[in-house]
Amino acid sequence: MGKSKFNNNNSNNRDKQNSRTVSYESKIDKFNINKQKDSKITKQGKSKKTFQFNNNNPRKNKNENNNSYSNNNSNDSKLKQKIKKQIIFLDTNFSSCYNAEANLLDMTQLNNREEQINYENNDIGQKIVKLISILCPNIKSINFTGCKIRNIGNWFRNLAEVAHDLVNFSFENNNITSFKSIEFLVKGFSNRINELKLCGNGICPNAHTEQYAIYRQKISLLFPVIKIIDGIDILPKAPIMKANYFANEQPITSIKQFIENYYKFFDTLRSQLASTYDIKANFSYSKIDNLANQTRKKPSFQTQGREKIIEHFKGLPTTEHKFNNLSIDFSIIEPTFLIHITGTFKEHDQVNQFFNRTFIVIRNQTETASQSPLLITNDFFVVRDNNMTEVNLRILDKIANNINNNNNNNNNNNNNNN
């Protein structure tokens, strides 16, 4: 590890001082040994006066403060002048960057000119937003390759409000190092971006590595509808499956009617659901906070008996289900019906929650058949947190850190073996 030059200079100065002190002390010793009391020698033997300069001179500090204040004002003034000059430069050259036929704004054409545009400055950004709204409202793509951008500015949220067709972005070969740096791009264009290029930045690992695969997963989570990342198509999604599957088409109407009535009362008056449960019915409830790690469940609840089930329902939060948002699958093995429901519901007027619910149902042959033709013997209810983006990003970060640790351990082992 190299030593600081400042520390070396101090060491040299101390050595010089020590050598002078030794030389001076040797003269005193020589004087004492010879017992010479000559006044001239005595004068030579006197130590020189040492003067210390007071650094706390109030007049000097006041001048320094004034100089510092004037320097700050001068720097602010220079910065304002520089931004003003860049805005004028933008006004003059902006139109030459837009290809109306391709609906492409290529800001790279302003690189290496007399003025390097500071795209992180909010005044510059608001000027670009204004120019886009006037000159290219139908813009679909924008290219910021090699523009020395470190952080995508807050003005991108304003850009999203005026450029409704803008879906393709290139930030290749800039200085973007973290996902925090693209926060405002996410806030403005999360559900719109079709293509994004970030290669050539610190945020983007080398291709064909595990880290790069995790990076692409993160981008896909932040921009759910994205199709192309760094010029490479994302994996095609599975084909859309049929929403509902019925093994037997005959009881479709009665099954749908049963489910629709069930959730109508579940959302409004749960006590009325007693007639839909068998007297010895089983019920279980659990909530999963993390889709990617389903072992992390909140404490589940299990009970048996119609009255206990209805009593437990009273303690559950208020809900709102929409029948059109439910997917229903069922099969029949007489005398049993197996009904599986997936969908979303609102809880406490908050964001939607995913859920899965499985009913095992038999035909009602009791005196309550007029109220409900089917009886539930088993009810399995699982709720899943819908706000998964942040959770999954943390999981991906953890995986990336584990990969880094494993790579570092392997490198250390190889070095030790060598």
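What you see as residue numbers is a count from 1 along each chain, following the sequence as written. It should be noted that, the model being predicted, local features are given only for residues of pLDDT at least 70 and side-chain atom pairs only at 80 or more, the latter also being counted only at that level, while totals for whole chains, interfaces and linings use all residues. The basis for the side-chain values is all heavy atoms of the structure; hydrogens and waters are excluded.

**Q** Give a detailed account of the sheet that holds strand β1 (residues 98-99), specifying residues and quantitative values.
**A** Two strands qualify as a pair provided DSSP detects at least 2 bridges between them. Helix numbers and strand numbers start at the N terminus; a helix is a DSSP run of H or I with at least 4 residues, a strand a run of E with at least 2. With mixed pairing, the seven strands of this open sheet are ordered in space as β1-β2-β3-β4-β5-β6-β7. Whereas interior strands pair on both sides, the edge strands pair on one side only; in this sheet they are β1 and β7 (232-233).

**Q** An account of the nonpolar core is needed here, citing residue identities and associated values.
**A** Grouped burial of nonpolar side chains is what soluble globular proteins tend to show. Core analysis: the biggest nonpolar cluster contains 48 residues, and F171 and L185 have the highest contact counts within it. Of all elements in the fold, only α3 (58-93), α4 (122-135), α5 (156-162), α6 (183-189) and α7 (210-222) reach the threshold of two or more residues within this core. Of the residues forming this core, the biggest block, five residues, is contributed by α4. Discounting residues that sit within four places of it in the chain, L185 has contacts with I152, F156, F169, F171, S190, I193, L196 and F223. We call a set of buried Ala, Val, Leu, Ile, Met, Phe, Trp, Tyr and Cys residues a nonpolar core when their side-chain atoms join them within 4.5 Å. When accessible area is computed with a 1.4 Å probe and restricted to protein chains, residues below 20% of their type maximum are described as buried, those above 50% as exposed, and intermediate ones as partly exposed. Y263, L273, F345 and F381 belong to the second-largest nonpolar core, a separate cluster that totals 30 residues. In what follows, residue pairs with any heavy atoms lying within 4.5 Å of each other are defined as contacts.

**Q** Kindly report on the side chain of T319, identifying the contributing residues and their values.
**A** Positionally, T319 belongs in strand β11 (residues 319-321). There is a polar contact of 2.7 Å between the side chain of T319 and the side chain of D267. Reaching out from T319, the side chain makes a polar contact with the side chain of R270 at a distance of 3.3 Å. What T319 contacts, discounting residues up to four positions off in sequence, is F266, D267, R270, F345 and K346. Any pair of nitrogen or oxygen atoms within 3.5 Å is treated as a polar contact; in protein, a donor-acceptor pairing is required on top of that, and neighbouring residues in sequence qualify only through side-chain atoms on both sides.

**Q** I'd like a description of helix α9 (residues 306-315), backed by residues and values.
**A** For α9, every residue scored as buried is listed here: I309, I310, H312 and F313. End-on view of α9: buried residues confined to an arc of 155°, all on one side of the axis. Away from its buried face, by an angle of more than 90 degrees, α9 presents the exposed residues E307, K308, E311, K314 and G315. Directions pointing from the helix axis toward each C-beta atom define the arc.

**Q** I'd love a proper account of the environment of T303, names of residues and values included.
**A** With respect to the helices and strands, the residue T303 is situated in strand β10 (residues 301-304). With 19 residues separating them in the primary sequence, T303 and S284 have C-alpha atoms 6.6 Å apart. If we ignore the near neighbours within four places in the chain, the residues touching T303 are A281, N282, F283, K308 and I309.

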